[in-house]
Protein chains: 2
Amino acid sequence: MKYQYYKPAILNHTKLIQYIEGINDRRCFTNNGPLVRELKERLEAYLGVKNLLLVSSGTVALQVAYKALGLKGKIITTPLSFVATASAYKWLNQNLCFADIDLDTLNLDPSDVTKHTSLSCNDAVVATHLYGNPCDIASFKRLSLRFENKTIYDASHAFATRYGGKSVLSEGDASVISFHATKLFHTIEGGGIVFASNDDYKRAEKMVNFGFDHQGQVMEVGINAKMSELHAAVGLTVLDDIELMVDQRCEMVEHYLTCLASYGIAFPKRQEGVDRYSPSYMPLILESPKERDLLCNMLRAEGIETRKYFESLLHKQTAFTRLSVNLPKAEIIENRLLCLPLYMDLKKADITYICEQVVVILNKIRQKRLAEKTC
Amino acid sequence: MKYQYYKPAILNHTKLIQYIEGINDRRCFTNNGPLVRELKERLEAYLGVKNLLLVSSGTVALQVAYKALGLKGKIITTPLSFVATASAYKWLNQNLCFADIDLDTLNLDPSDVTKHTSLSCNDAVVATHLYGNPCDIASFKRLSLRFENKTIYDASHAFATRYGGKSVLSEGDASVISFHATKLFHTIEGGGIVFASNDDYKRAEKMVNFGFDHQGQVMEVGINAKMSELHAAVGLTVLDDIELMVDQRCEMVEHYLTCLASYGIAFPKRQEGVDRYSPSYMPLILESPKERDLLCNMLRAEGIETRKYFESLLHKQTAFTRLSVNLPKAEIIENRLLCLPLYMDLKKADITYICEQVVVILNKIRQKRLAEKTC
């Protein structure tokens, strides 16, 4: 494949070796060691957030957020997200509901949340900033004021998104993020939670180390969700270059948009009032599932790998099918999304080439369709 | 502190750097990469087991074992284990019961399991091979034949234990193990599950990667429990030296036992028919909680760190107190356990010295008590 869909950036070997020397010298490999604490401080400073808890994955971050917020009720979430946004809670045997999306931004539609279910102070709305595009945060705030529900944002696509002069990770009762190797900022495996309240943060801090208090007593049930020093070391090396990476990838996304602008391809509509979009994905909305599949296959034949991200709607996955609900707007978008390659090795000329191929192939597909219609 | 309770062995820096070079060259950081597959194969060969699934922690290993075995009912477990043995299931909002221990081996007593609750094919007995000492496996087998319940062993202390000519990890419907940095064999953070059935293994293999099947569909709810390539690299370097480590630590334990033998200190009784005990801990059973605490404090004053392992009985921890149950044998042993230092840096002379201190201090304590009684 000439262009893979994604290549993680190579880690800075020299820096990583130095960190490993330190880890060995201290013989401190995990359990909230100095590198995890350093990464937490540096990330808080970089993002301009407080109460950031580093954990072992984005999935467990969702679970810890739910439990630390003291929730016992259901989750209402979007059908258009990575499966963990929903399955993290189902793994805990919690109740789950889905609500419909906004057809412009593709994010969870606040006005649809209470259509299918009631909301209480024991429930949480779990909304994803899809492709780094912030949700309708103001409406979710109004919703939580009215129903006293909690709001958890899955900000896994939105590491670098800034909205209203601050990181989008500072929104909601908790914002959760994945630091998986495929993400803009990563620790290979890892995740984080930004809590609005310091009390919730402190509760979660105990929870991720089995619930132990300072006397070694287990006051409430916890889990092992500790980030290791080795994974934190990776995060520290990646963080050194993050601003450069964000800038370069923002330029790549803009170049994609410029190249494709005149061709009439649809993209998710960007939320208004955003200072910076996290350049995490380059999604296209194709006209039909058939067009999406044809484009995907024909690009592959030209050596360009893409990703059907997301392949299916969550509420239609077999794992969730008992939760039957009618989500007509999500159905409209189903199987029409395709993400183009986006990673550090791509040059401007590569993107130009990929866009040319997209346009040529889409022209062929659409002309053929037109011809078939005319016949 | 002259003698810490535990020091993890220093990692082989040269080997680790070579592995990291490979990881960077392949740009494969996680998602069941070649190092995870290599570690799985080498561990299976070393232990002589099949169907070993590597995961991100011992805690999630317990959860995955439960779910992959298709269980929906309760867990009956021991009050004398690390908290995760019980809390991993409580985190999933599963029902939990405790049964009493055997006063000789300190392991879960098979004859007590059905005293407090019924057992069905949806339930699991979760028994820990405490300090690497195998449970009464034959009786648990009879129990599962009679009640059709599943048996999950927490073998986190028993990496090197061999029983009836094979690894104790091959026992039960699933044996679960932690590879945390404090363990004999470790991957810094990590764990494993050995399934009796290949079907269960295959189900779990999907589960730990969000439940995705080969077509990217989510047929049943999963989690992210993937071991990273970096953690697998650590495991590979540790595994190179494991037989040497096991031999040296077996010698250390034997030297401890020899030095303390004539003094009339109690130890957990070793299960009969064991080929090799995993030299994971050096536990003493003191005569009373008061004696245990005095010994701990006075050893600390002499620069010898010990660990009250386990400090409390699980069923009396605040996190579990709703599960009221009377476990008189566990009560007898409560707060009487103390583990002595055990790690690679300890020399024979160090152990002799530690034992001398233990004997001197215990003599003082016991003579003082005798004097008080006589008065």
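Analysis parameters
- What you see as residue numbers is a count from 1 along each chain, following the sequence as written.
- Working convention: letters from A go to chains and numbers from 1 go to ligands, in the order in which they are written.
- Residue-level local features of this predicted model are given only where pLDDT is at least 70; pairs of side-chain atoms are given and counted only at 80 or more, and the full residue set underlies all totals for whole chains, interfaces and linings.
- The side-chain figures draw on all heavy atoms in the structure; neither hydrogens nor water molecules are used.
- UniProt positions are given in the numbering used here, feature names are shortened, and annotations may be inferred rather than shown by experiment.
- When checking whether two residues touch, look at their non-hydrogen atoms; a contact exists if any pair is within 4.5 Å.
- Simply put, the buried area is the total loss of 1.4 Å probe accessible area from both parts when two parts are fitted together.
- We define a salt bridge as a side-chain nitrogen of Lys or Arg found within 4 Å of a carboxyl oxygen belonging to Asp or Glu.
- Nitrogen and oxygen atoms within 3.5 Å of one another constitute a polar contact, given that in protein one can donate a hydrogen and the other can accept it, and given that sequence-neighbouring residues count only through two side-chain atoms.
- Numbering of helices and strands runs from the N terminus; a helix is a DSSP stretch of H or I covering at least four residues, while a strand is a stretch of E covering at least two.
- Where each domain starts and ends comes from a domain assignment, either automatic or drawn from a database.
- Polar here means any residue outside two lists: the nonpolar Ala, Val, Leu, Ile, Met, Phe, Trp, Tyr, Cys and Pro, and the charged Asp, Glu, Lys and Arg; Gly therefore counts as polar.
- Only Phe, Tyr and Trp rings take part, Trp by its six-membered ring, and two of them pair if their centres are within 6.5 Å. Stacked means planes under 30 degrees apart, edge-to-face means over 60, and tilted covers everything else.
- Burial status follows relative accessibility: with a 1.4 Å probe on protein chains alone, a residue under 20% of its type maximum counts as buried, one over 50% as exposed, and anything between as partly exposed.
- Space inside and on the surface of the protein is sampled on a 1 Å grid over the protein atoms alone, with a cavity defined as a set of points where a 1.4 Å probe fits but cannot get out and a pocket as an open set with protein on both sides within 12 Å along at least 5 of 7 lines; lining residues have an atom within 4 Å of a point.
- Grid points are joined across faces, edges and corners, and a volume is the space filled by probe spheres set on the points.

The name given to chain A in an unreviewed UniProt entry is DegT/DnrJ/EryC1/StrS family aminotransferase, and the organism recorded there is Neptuniibacter pectenicola. Taken directly from UniProt, the Sequence similarities (unreviewed entry) text for chain A runs: "Belongs to the DegT/DnrJ/EryC1 family."

### Details of the interface of chain A and chain B
Often, the extent of an interface is quoted as the loss of accessible area upon association of its parts. Taken together, the contacts link 57 residues of chain A with 57 residues of chain B. Interface area for chain A against chain B, summed over the two sides, is near 5300 Å², with a carbon-plus-sulfur share of 64%. In terms of surface lost to chain B, no three residues of chain A exceed Arg27, Phe29 and Trp91 of chain A, which account for 17% of the buried area on that side. Taken together, the connections running from chain A to chain B amount to 4 salt bridges. With its nearest N and O atoms 2.6 Å apart, the salt bridge here joins Arg27 of chain A to Asp345 of chain B. Viewed at the interface, chain B and chain A are joined by 29 residue pairs in polar contact (both at pLDDT 80 or more). Elements with a contribution of two residues or more to the side of chain A that touches chain B: helix 1 (13-26), helix 3 (58-68), helix 4 (84-90) and helix 7 (229-240) of chain A.

### Some thoughts on the domain arrangement of chain A
Residues and elements named next belong to chain A. Here the domain parsing of chain A yields domain 1 (13-240) and domain 2 (242-374). The distance between the C-alpha centroids of domain 1 and domain 2 comes to 26 Å. Contact residues are listed per partner, giving 46 residues for domain 1 and 40 residues for domain 2. Summed over the three residues of domain 1 that lose the most area to domain 2, namely Phe98, Tyr131 and Leu184, the buried surface amounts to 22% of that side. Linking domain 1 with domain 2 are 1 salt bridge. Note that Asp109 and Lys329 form a salt bridge whose closest N and O atoms lie 2.7 Å from each other. Between the two partners, domain 1 and domain 2, sit 24 residue pairs in polar contact (both at pLDDT 80 or more). Along the lines of polarity and charge, the residues of the side of domain 1 that touches domain 2 split into 24 nonpolar, 11 polar and 11 charged.

### Points about the packing of aromatic side chains
Residue and element names in this part refer to chain A. One pass over the structure, following the stated rule, counts 32 aromatic pairs over all chains. When the centroid spacing of 6.5 Å and the interplanar angle of 20 degrees are considered together, the rings of Tyr131 and Phe310 count as stacked. Residue Tyr131 is located in the loop between strand 4 (124-128) and helix 5 (137-147), and its partner Phe310 is located in the loop between helix 9 (289-301) and helix 10 (328-333); the two are separated by 179 residues in the primary sequence. Just as Tyr131 is buried, Phe310 falls in that class too.

### Considerations on empty space enclosed by the protein
In total, this model carries 2 cavities of 30 Å³ or more according to the counting rule given. In this model, the largest cavity occupies a volume close to 280 Å³. Lining the largest cavity are 25 residues; nearest its centre among them are Ser56, Ser57 and Asn224 of chain A together with Ser56 and Asn224 of chain B. Contributing elements (two or more residues each) for the lining of the largest cavity: helix 3 of chain A together with helix 3 (58-68) of chain B. Considering every element that reaches the lining of the largest cavity, the biggest residue donor is helix 3 of chain A, with 3 residues. Classifying every residue of the lining of the largest cavity by side-chain character gives 8 nonpolar, 13 polar and 4 charged. Roughly 30 Å³ of volume is contained in the second largest cavity. Forming the walls of the second largest cavity are Leu47, Leu52, Phe159, Leu169, Ile177, Phe179 and Val194 of chain A. Grouping the amino acids of the lining of the second largest cavity by side-chain chemistry returns 7 nonpolar, no polar and no charged.

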